[in-house]
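Observations on the model geometry
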Amino acid sequence: MPSDPNPETTSDPNSGVNKLPRPAVGRLSLYFRELHRLADQGETHINSKQLGALVDVSPAVVRRDLSSLGPIGRRGVGYPIDKLAEQIGTVLGSGLQWQVVLVGVGSLGDALLRYRGFERLGFRLVAAFDLDPAKIDRQIGGVSIWNAATMAGKLAELSPDLAILAVPADQAPTVAADLVAAGISGILNFAPTTLRLPGSTAVVNVDLASELQRLAFSVQNR
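Below is a short write-up of the structure.

What counts as what
- Residues numbered from 1 in each chain as written.
- Predicted model: local features only at pLDDT ≥ 70, side-chain atom pairs only at ≥ 80, totals over all residues.
- Heavy atoms only, no water.
- Core = buried A, V, L, I, M, F, W, Y, C linked by side-chain atoms within 4.5 Å.
- Buried < 20%, exposed > 50% of the residue type's maximum accessible area, 1.4 Å probe, protein only.
- Helix = DSSP H or I, 4+ residues; strand = E, 2+ residues; numbered from the N terminus.
- Contact = heavy atoms within 4.5 Å.
- Salt bridge = Lys/Arg side-chain N within 4 Å of Asp/Glu carboxyl O.

In terms of nonpolar packing, the biggest core is built from 19 residues, with Val-101, Val-103, Phe-129, Met-151, Leu-165, Leu-179 and Ile-187 touching the most fellow members. For this core, the leading source of residues is helix α7 (residues 172-181), giving 4 residues. For Leu-179, the contacting residues outside a window of four places in its chain are Val-103, Met-151, Leu-155, Ala-163, Leu-165, Ile-184 and Ile-187. Counting residues in hydrophobic clusters, the runner-up holds 18 residues, among them Phe-32, Val-62, Ile-81 and Ala-85.

Bringing the pattern of salt bridges into the picture now. Evaluation of the coordinates by the stated rule reveals 6 salt bridges. The salt bridge involving Glu-34 is made with Arg-37; its shortest N-O contact spans 2.6 Å. Linking Glu-34 with Arg-37, this pair stays in helix α1 (residues 22-40), spanning 3 residues, or about one helical turn. Assessed through its relative accessible area of 9%, Glu-34 is described here as buried. Arg-37 sits in the partly exposed class, given a relative accessible area of 35%. For the salt bridge of Glu-157 with Lys-154, the shortest nitrogen-to-oxygen distance reads 3.2 Å. Taken together, the residues span about one helical turn, with Glu-157 and Lys-154 both in helix α6 (residues 151-158) at a distance of 3 residues.

Encoded structure:
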């Protein structure tokens, strides 16, 4: 790919990595996805203009986001895709192997268990939990489904790092409290309610209906 005239070299490798705002973290995740796609296609280098175009942000934003990663890339050459992906993965925690459990094997949970993109990013689904007798003791996507009534014991055995919560809104606070008590470090919450957890446990709330509302607003106001 051709280069752009702006320098691609980033600055201090320790500048602000731990203080990245959430929007920047979201963009890094998008860059990470696109870099892996380009690597699969045999591409070796990319510049800030091209990377920005792939995720709909300006080259200046790309360079600012990547400035926390240390000196990567050269003027007239761009960023080496493999090294940049490795650095972003390290910042995002994908350089580690995260053990993840899923609670709630409804339609969304079923789809998540079948998704093949987690492993590549360093997330290994090690167990799923549900109360439906028709689902217990089955496997979906190679992941065993356990009785949610035995979740505490199984979590003690597996010692997972993260949990994905895909249960009804009225059940979410209780299940989340059980996960926190089991030592889960972070929860990705798909239940349509906002969870507020102790400071020792990180939480990301994802409300799909709200995201659709945001999308509809954007379409109406183009």
